[in-house]
Amino acid sequence: MKAFAELVMSERGEYSEFTIDRSNEPVILELYKYSTMDKSFSGNLFLGVALIGSYGCGKSLIMDAYSRLVNQFVQSKGLQVCPVLFKTSMELYNLAKSGITSQILHTPLVIDEIGREPKVAKDYGNESTPMIDLLFERHRKGTITHATGNFTLESLSEMYGKMLGDRLKQMFNFIKLNGSSRR
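How each quantity is defined
- Residues numbered from 1 in each chain as written.
- Predicted model: local features only at pLDDT ≥ 70, side-chain atom pairs only at ≥ 80, totals over all residues.
- Heavy atoms only, no water.
- pLDDT = per-residue confidence, 0-100.
- Helix = DSSP H or I, 4+ residues; strand = E, 2+ residues; numbered from the N terminus.
- Patch = residues over 30% accessible without salt bridge, like charges linked within 9 Å, V, L, I, M, F, W, Y side chains within 5 Å.
- Areas by Shrake-Rupley, 256 points an atom, 1.4 Å probe, with all protein chains shown as cover.
- Salt bridge = Lys/Arg side-chain N within 4 Å of Asp/Glu carboxyl O.
- Buried < 20%, exposed > 50% of the residue type's maximum accessible area, 1.4 Å probe, protein only.
- Contact = heavy atoms within 4.5 Å.
- Pairing = 2+ DSSP bridges.
- Axes fitted to C-alpha atoms, helices over the stretch in contact; angles between N-to-C directions.
- Arc of directions from axis to C-beta.

Caption draft 1: Fine view of the confidence of the model for the protein chain. Per-residue confidence for the protein chain averages 90 on the pLDDT scale, and 100% of its residues sit at or above 70. Highest mean pLDDT in the protein chain belongs to strand S6 (residues 145-149) (97); lowest belongs to helix H5 (residues 102-105) (81).

Caption draft 2: Representation of a nonpolar patch on the surface. On the surface, a nonpolar cluster with roughly 290 Å² of combined accessible area is contributed by Phe-73, Leu-79 and Val-81. Relative to the helices and strands, Val-81 is located in the loop between helix H3 (59-76) and strand S2 (85-88).

Caption draft 3: The arrangement of unusual backbone geometry in detail. One non-glycine residue, Met-37, adopts positive backbone phi at about 60 degrees. Looking at the element boundaries, Met-37 is found in the loop between helix H2 (25-35) and strand S1 (48-53). Exposure remark for Met-37: the relative accessible area of 39% places this residue in the partly exposed category.

Caption draft 4: Up close: the environment of Leu-95. Inspection of the secondary structure puts Leu-95 in helix H4 (residues 89-97). A residue is classified by how much of its surface remains accessible, and Leu-95, at 19% relative accessible area, is buried. Each C-alpha atom, one on Leu-95 and one on Ser-16, is 33 Å from the other, the two residues being 79 residues apart in sequence. What Leu-95 contacts, discounting residues up to four positions off in sequence, is Ile-100, Gln-103 and Ile-104.

Caption draft 5: Examining the sheet that holds strand S7 (residues 172-177) more closely. The strand order S2-S3-S6-S1-S7 describes an open sheet built from five strands, whose pairing is parallel. Each edge of the open sheet carries a strand with a single partner, namely S2 and S7. Shown here is a sheet whose adjacent strand axes are inclined to one another by a mean of 15 degrees, direction ignored. Bridge count for S1 against S7 is six bridges, and the pairing is parallel. Each residue of the ladder has a partner; that of Gly-48, found in S7, is Phe-172. H3 contacts S1, S2, strand S3 (109-112), S6 and S7 of the sheet and is inclined by roughly 155 degrees relative to S6. Together, S1, S6 and S7 form the strand contacts of helix H8 (residues 162-171), whose direction differs from that of S7 by roughly 85 degrees.

Caption draft 6: Inspection of helix H1 (residues 2-11) at higher detail. Looking only at H1, the buried set comprises Phe-4, Ala-5, Val-8 and Met-9. Projected down its long axis, H1 shows its buried positions confined to an angular sector of 145 degrees, all on one face. Exposed residues lying more than 90 degrees from the buried face of H1 are Ala-3 and Glu-11. Looking at the buried positions of H1, the neighbouring elements they touch are H3. At the C-terminal side of H1, Gly-13 shows a positive phi close to 85 degrees.

As structure tokens, then:
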């Protein structure tokens, strides 16, 4: 995990060492248990992981590194499994708004900064809800979805509506990353 986190950091132009400490170590351990299907994982092994916490505490970095680690493992074993995509909520919003969802409906996905995207898209007087529609469809298909964000399940339910909020409970294990900003 450390090597992949440092790779992500270097791609961001940050050339420091990734530190595993008492704030992020429990989360990294939970992700390890999750990815190895360890029954001591604190949640449901058949749901995705939503890593929530305050700004700058390392959620995106950890989940980006996690997705790369999983993809490297899958590739090294020659498994015929879709790679885990890592996309920001704005990237997904724009793809969904453009109607380009088929490639992202059937593959494991990490939604970075869930809840940050606009909730409604307007196109020539017509309104749509691209991210809400995408999340509903991923839930319906049972596609593994992971996320990072600053919002709790309750605040996401307020943003997306109670019906989708109820489904988010069936999609995610909400794991809190404690700690202050590392920026």
